[in-house]
Amino acid sequence: MLGKKGSRIIILLLATALCLSLFAAAVSAEKVKLKYTYWGSPLEKTAQEEMLKEFMKAYPHIEVQPIYIPSDYVTKITAMLAAGDPPDVGQLGEGQVLAWAEEGVVLDITPFMEQDPEVSFESRLPMTWYMYDGGKKTVGTNLAVEIMMMFYNKEIFDEAGVPYPPAKAGEWTWDEFVETAIALTKDRNGRRPGEPGFDPNNIDTYGVAFGTWWAPILPFVWSNGGDWFDEEGREPLINKPESVEALQKLNDLIYKYHVAPTPTQMQTFPAFNILLQTRKVAMVVDGQWALLDLAQSGFKLGAAPLPTLKEPVCLELGAPNVIFAATKHPQEAWLLYKWSTTSSKVMSLNKSGLWMPLNIEYYTDPEKMNEWLTEGVHPPEYKEAAIDYVLEYGRRAPSYYMRNWEEITSAISQGLSNFWLGKEDAQTAADKVAEALRPLLQGRYDR
Amino acid sequence: MRKRSRTLQSVENRWGVLMALPAILGFVMWNLLPMLASLVISFTEWSVVSRPKFVGLANFSRMFNQDPLFWKSLYVTAYYTFLSVPAVIIGAFLVATLLNQNVKGLAVFRTIFYLPSVVPAVANAVLWLWLFNPDFGLFNTVLTSIGFPKSLWIYDEKTVIPSLALMSVWGMGNTMIIFLAGLQGVPRQLYEAAEIDGANFIQRWLYITLPMVSSVIFFNLVMGLIGTFQVFSQAYVMTEGGPNNASLFMVYYLFRNAFQYGRMGYACAIAWTLFVIVLVFTIIIFKTSPAWVYYEGERR
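Computed from a predicted model, the values in this text were never measured in an experiment.

Participant: What is the right way to read the overall build of chain B from this model?
Facilitator: When you go through chain B residue by residue, the secondary structure sums to 14 helices and two strands. Taking 19 Å as the expected radius of gyration for a compact globule of 300 residues, we find that chain B reaches 24 Å, considerably beyond that expectation. Per element, the accessible surface of chain B, about 17,400 Å² overall, is 69% carbon and sulfur. Each charge sign in chain B was given a centre, from 20 positive and 12 negative side chains, and these centres are 13 Å apart.

Participant: When you look at unusual backbone geometry in this model, what are you seeing that I'm missing?
Facilitator: Trans peptide bonds make up most of the peptide bonds, and negative phi angles are found at most residues other than glycine. For the bond running from Gly242 of chain B to Pro243 of chain B, omega is -5°, close enough to zero to count as cis. In this structure, Pro243 of chain B sits in the loop between helix H12 (233–239) and helix H13 (250–259). Backbone geometry places Arg279 of chain A, a non-glycine residue, at a positive phi of 65°. For Arg279 of chain A, the position within the fold is in the loop between helix H11 (272–277) and strand E9 (281–287). Taking relative accessible area as the criterion, Arg279 of chain A reaches 27% and is therefore assigned partly exposed. A positive phi is found at Asn245 of chain B, a non-glycine position, where the angle reads about 65°. Within the element layout of this structure, Asn245 of chain B appears in the loop between H12 and H13. What makes Asn245 of chain B buried here is its relative accessible area of 11%.

Participant: Just checking my understanding: could you explain the nonpolar core for this structure?
Facilitator: One broad trend across soluble globular proteins is that nonpolar side chains are buried collectively. Core analysis: the biggest nonpolar cluster contains 120 residues, and Trp100, Phe151, Trp228, Leu247, Leu253 and Met283 of chain A have the highest contact counts within it. Counting contributing residues per domain, this core is built from domain 1 (31–145 + 318–341) and domain 2 (146–317 + 378–440) of chain A, each supplying no fewer than three. Leaving out residues up to four positions away in the same chain, Trp228 of chain A has contacts with Trp214, Ile217, Leu218, Val221, Pro236, Leu237, Ile238, Leu247, Ile412 and Leu437 of chain A. Ranked by size, the runner-up nonpolar core spans 72 residues in total, among them Met63, Leu180, Ala194 and Tyr252 of chain B.

Participant: What is the right way to read the sheet that holds strand E3 (residues 89–91) of chain A from this model?
Facilitator: Each strand in a sheet pairs with its neighbour through backbone hydrogen bonds, running either in the same direction (parallel) or in the opposite one (antiparallel). All names here are of chain A. A sheet is described by the order of its strands in space; here four strands give the open sequence E2-E1-E3-E12, paired in mixed fashion. The open sheet has two edge strands with one neighbour each: strand E2 (62–68) and strand E12 (321–323). Taken over all neighbouring pairs, the strand axes of this sheet differ in orientation by 20° on average, direction set aside. Here strand E1 (residues 32–38) pairs with E2 via seven bridges, running parallel. Bridge pairing in E2 places Val32 opposite Ile62. Its contacts with the sheet place helix H2 (residues 42–58) against E1, E2 and E3, and it is angled at close to 170° to E2.

Participant: Would you mind going over the domain arrangement of chain A with me for this structure?
Facilitator: By convention, interface size is frequently given as the accessible area that disappears when the constituent parts associate. Residue and element names in this part refer to chain A. Here the domain parsing of chain A yields domain 1 (31–145 + 318–341) and domain 2 (146–317 + 378–440). On a C-alpha basis, the centroid separation for the pair domain 1 and domain 2 is 32 Å. Domain 1 puts 17 residues into the contact, and the matching count from domain 2 is 15 residues. A buried area of about 1,300 Å², summed over both sides, lies between domain 1 and domain 2, and 53% of it is on carbon and sulfur atoms. For the pair domain 1 and domain 2, the interface holds one salt bridge.

Participant: How should I be thinking about the interface of chain B and chain A in this particular structure?
Facilitator: Listed as interface residues are 26 residues of chain B and, on the opposing side, 27 residues of chain A. If you sort the residues of chain B by the area they bury against chain A, Val49, Tyr155 and Asn244 of chain B come out on top, with a joint share of 27%. The interface formed by chain B and chain A includes two salt bridges. Measuring nitrogen to oxygen at the nearest pair gives 2.5 Å for the salt bridge that ties Arg263 of chain B to Glu407 of chain A. The interface formed by chain B and chain A holds 12 residue pairs in polar contact (both at pLDDT 80 or more) in total. Residue assignment for the side of chain B that touches chain A shows that the elements contributing at least two residues are helix H5 (121–132) and H13 of chain B.

Participant: Looking at this structure, how should I read the pairing of strand E5 (residues 137–141) of chain A?
Facilitator: The side chains of a regular strand alternate between both faces of the sheet. Residues and elements named next belong to chain A. Among the five residues of E5, four are classified as buried, and the element is accordingly described as predominantly covered. Relative to E5, strand E4 (residues 129–132) runs antiparallel, the two sharing four bridges. Each bridged residue has a counterpart across the sheet, and for Met131 the counterpart in E5 is Thr138. Joining the antiparallel neighbours E4 and E5 is a turn of four residues, in which Asp133 adopts a positive phi near 55°.

Participant: Please clarify how the packing of aromatic side chains should be interpreted in this entry.
Facilitator: Any aromatic ring pair is given by two values, namely how distant the centres are and how the planes are angled relative to each other. Within this structure, the stated rule accounts for 49 aromatic pairs over all chains. With a centroid separation of 5.6 Å and 75° between ring planes, the pair formed by Trp174 of chain A and Phe220 of chain A is classed as edge-to-face. Of the two residues, Trp174 of chain A sits in helix H7 (residues 174–184) while Phe220 of chain A sits in helix H8 (residues 214–223), which places them 46 residues apart along the sequence. By relative accessible area, which is 5% here, Trp174 of chain A ends up buried. Here Phe220 of chain A falls in the buried class, since its relative accessible area comes to 2%. Aromatic side chains Phe419 of chain A and Trp420 of chain A sit 4.8 Å apart centroid to centroid with 55° between the ring planes, which places their arrangement in the tilted category. Grouping residues by exposure puts Phe419 of chain A and Trp420 of chain A together as buried. Three or more aromatic residues joined by ring pairs form one cluster here, namely Trp128, Phe132, Phe139, Trp153 and Trp170 of chain B. Residue placement shows Arg395 of chain A over the ring face of Trp222 of chain A; its charged tip is 3.8 Å from the ring centre. Taking NZ or CZ as reference, Arg396 of chain A lies 5.4 Å from the ring centre of Tyr400 of chain A, over its face.

Participant: Please explain helix H8 (residues 173–184) of chain B as it appears in this structure.
Facilitator: The periodicity of an α-helix, 3.6 residues per turn, causes residues three or four positions apart to be oriented the same way. Residue and element names in this part refer to chain B. Its 12 residues give H8 an end-to-end C-alpha distance of 16 Å, which sits within 8% of 16 Å, the value for a rise of 1.5 Å per residue. Gly173, Thr175, Met176, Phe179, Leu180, Gly182 and Leu183 are the residues of H8 that are buried. Contacts made by the buried residues of H8 are with helix H3 (68–99), helix H4 (106–118), helix H10 (201–212) and helix H11 (214–229).

Participant: What exactly am I supposed to notice about the domain arrangement of chain B here?
Facilitator: Residues and elements named next belong to chain B. According to the domain assignment, chain B contains domain 1 (1–41) and domain 2 (59–292). Domain 1 and domain 2 are separated by 35 Å when their C-alpha centres are compared. With both sides pooled, the region where domain 1 packs onto domain 2 buries about 450 Å², and carbon together with sulfur makes up 78% of that total. Of all residues in domain 1, Met35, Ser38 and Ile41 bury the most surface against domain 2, accounting for 78% of the area lost on that side. Where domain 1 touches domain 2, the interface holds zero salt bridges.

Participant: Which parts of the structure should I look at to understand the side chain of Thr262 of chain A?
Facilitator: Tracing the backbone through its elements, the reader meets Thr262 of chain A in the loop between helix H9 (241–255) and helix H10 (263–268). Overall, Thr262 of chain A belongs to the buried group, its relative accessible area being 15%. Within polar-contact distance, the side chain of Thr262 of chain A engages the side chain of Thr264 of chain A at 3.2 Å. In this structure Thr262 of chain A touches Ile254 and Tyr255 of chain A together with Asp135 of chain B, once residues within four positions along its chain are discounted.

Participant: Even after reading the chapter, I still don't get the pattern of salt bridges, so can you show me in this structure?
Facilitator: Should the charged atoms of two oppositely charged side chains come close, the side chains can pair. Residues and elements named next belong to chain A. Evaluated as defined, the whole model comprises 24 salt bridges over all chains. The salt bridge involving Arg447 is made with Glu232; its shortest N-O contact spans 2.9 Å. With Arg447 in the segment after helix H19 (426–437) and Glu232 in the loop between H8 and H9, this pair connects stretches of sequence that are 215 residues apart. Note on Arg447: relative accessible area 46%, which makes it partly exposed. Here the residues in one salt-bridge network are Glu231, Glu232, Arg444, Asp446 and Arg447, joined through shared partners.

Definitions and cut-offs
Residues numbered from 1 in each chain as written. Chains lettered and ligands numbered in written order. Predicted model: local features only at pLDDT ≥ 70, side-chain atom pairs only at ≥ 80, totals over all residues. Heavy atoms only, no water. Helix = DSSP H or I, 4+ residues; strand = E, 2+ residues; numbered from the N terminus. Rg over C-alpha atoms; globule rule 2.2 N^0.38 Å. Areas by Shrake-Rupley, 256 points an atom, 1.4 Å probe, with all protein chains shown as cover. Lys, Arg positive; Asp, Glu negative; His and termini not counted. Charge placed at Lys NZ, Arg CZ, Asp CG, Glu CD. Buried < 20%, exposed > 50% of the residue type's maximum accessible area, 1.4 Å probe, protein only. Core = buried A, V, L, I, M, F, W, Y, C linked by side-chain atoms within 4.5 Å. Domains from an automatic or database assignment. Contact = heavy atoms within 4.5 Å. Pairing = 2+ DSSP bridges. Axes fitted to C-alpha atoms, helices over the stretch in contact; angles between N-to-C directions. Buried area = accessible area lost by both parts, 1.4 Å probe. Salt bridge = Lys/Arg side-chain N within 4 Å of Asp/Glu carboxyl O. Polar contact = N/O pair within 3.5 Å; in protein donor to acceptor, adjacent residues only side chain to side chain. Phe/Tyr/Trp six-rings, centres within 6.5 Å; stacked < 30°, edge-to-face > 60°. Lys NZ or Arg CZ within 6 Å of the ring centre and 35° of its normal. Expected span 1.5 Å × (residues − 1).

Quick look at the structure:
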C-alpha cells in the first residue's frame, strides 16, 4: 500500500499532468489546423509528407493534417464535403475541378495572386492553368507537369542495329517511326514483319506499345491537324479526315504492320516498364510519370518526343491542387497551396522522374535544370525530348477546359473500342463517336 | 390468472421489441431513410457539392426521352438477367441433383462446387479475365484444339453478355445449396411408393422431385432475379461497360452518373426506375406462382 506521502506524490503528478495538458491544449488552440488531401503512389505519399513537414517547420503556427486517399478519391472528397468536413487544400480530379469551381466549392485564387507576387501567371508553365468563368478566374495549376512521350530500350535498338530516334521534336516523321518499329519487331523465328514467313501470331518483340485511352491517342490526332472537337468545344471533329487518318495510322501499327500488340494482348501484359525490360516491347508511348519506374528497371533507357504526322505537338496534362472554399483559414490555406505547388519544395518528386516542375525557370535556366535532372533517372536525351518538347510544342489537354469531360472520354473510349479491336474501320467508328459526342459538347469553362 | 398472463405477454412483447430494436433501427437508419432520401433526390439536380435544385420529373423525362445510354443499359441488364437466371437455376438444380446421390467423396464434391461462391467477386473477375483472354485464355485454347474458331468473349459486343452469363453459372454455389436442402427435404416414402407403382427415374423426377422443390425454385428465381438485375462488379472490374457499352449494366451506369459525372439526382432516378422494374418482375412471379408452385399442406 502507498503511504500518505506516496499518494500525495501521485496527486501532485496528476495535477502537473493536468496543468501540462491544459497548457498544451491552449498552445495548440492557437495553432491553425489545416487538412491536406492527396492521392498517389507510396513514393508520392512519402514526398508529400516530407513537404508538409518542411511547411510546418517554416510556419510553426500552422498544423497540417495529411489525409492520404489512394483510391476512390472523388467519392471520398464528395463525402467529406457532404458531411460538412471538407479539406482546406488538396488535389482534385481534372473532371471535377472546374464544375466544382463554378459551384463555389473550390476557390478562385486570383485575389491571392494579386496580393502575393510569388505566384503569377508568368511564373509557371503557361498551359498549366485551370481557367474558368470565361477565363477570368482560376483554381490554380497542376500539382505537377506531365506530358505524353516515347520511352525505349536502347539495348534492343543496339542489337537490331537501328539508330535511336531523334531527340528533337519534329525530326521524327511517321514513316520513319513505322520503319523503326518494323525493324525492331521480331517473331519467334527472328523474322521481321514483311519478311516471308513472318508469323504475326507469335511475336517475341513488338516495336511499340501504346494505350488506347485518350491521352496516348490525342497527340497524334493533333499532330495530323485533327481534333476530338472544335476550338469552342461544341462541334465534334473526330470524324473529319485529319482525325480519321491519324486514328487509322495508329490502328495500322497493330493490324497492318503487326508492330504493336492488340488491346486484348495488352490486357495480359504486365506494366510498360516490365515490357521494355523483358524486351517484349522496344518502345512505349506513355506519360512522363512512367520515368520513375522505368529508371529503376535496370536497362539502358532512352527518351524521345512523339513522332510527327504533320506538325510536332506535345500533350500536357496533370491534376490540379486547389483550395477548398469552405476553409476557415484562407490565408494559411494559401500559404500551404503556394508551398505545395512550388517546385523547389517538392524537389524529390521532380528528381525521381515522377513529376516535372511547374515553375518555368526549371525549363529555361540551365542551372535550375540541373537541380532536378538526375543522372540515372533522366536519360541524356531528356532535355531535348521532354523539356524542349513541352516548352516549344506543349498544348494543354482538353481536360483543362471542356465541360462534361468525363462523359466525353467515356463516349470516345466506348465508341472506339471495336475499332481498336480491329473490327471496325476508323470512319465508321469516328462517325458513331461524333454522334454520341454531340449532346455532350457543351462548350468550355474558360470561354 | 388472466391478468397475469396479459402482463406476461406485454412484458414479453416489450422485450421482444427491445431485442429486435437494433435490427429495426438499423433497417430504418441504413435502409429506409436513405431510400426515401434517394427518392427525394431523384427529383432534383444535385452534384453533392452543390445545393440540390428541385427539377420535378426532369430526370425521368431525360432518362426516357433523351438518353440512349439508359435504354442501352436497360436492354443489357435485362438480356443478362434472362440469360443468367435460368442458366444458374438449371445448372444449380442439376448439380444439386447429382450431389444428392449417394456417391463416394460426396463431401469433397459438394465443397468443390460451392468453392467459387467463397471467392471474392474481384478475384473471380480477374480469374475469368484470364480464361476469356482471346490470345492466351483457356477457353480459346480448348476451342482451337477441337477445331472451332476463336471467340473474342468479353471483348466482342455480341458475346460479352453471354460470356458474363456463363461466368455467373460458375458462382451458383448458394443457389445450389438451397436446392440441395430442398431435395433432401423431399420425403423418401413418396419415391418408395412411386417405385412400387412402377414409376421410372424420369417419372419420379417429373412428378415428385419437381413439384416438391417448386417452392425452392420459386425462391431461387425471385432472389436470382433481384440479384442479377443489380449486377455491377463484372462491368466495373472486367469490361468497364464495354466494348461499345455492350455491358453497360444499369447499376454500373448509375454508379458512373453518381460518382464520375456528378449527377446524383439522375443516378437516384435510375436507381428508382430499376427498383420499380425489379418490383414489377417480382410481382409477376408472385402472381403466377400459385399456378406452378406446390406447398405441402396447402389447401387446393
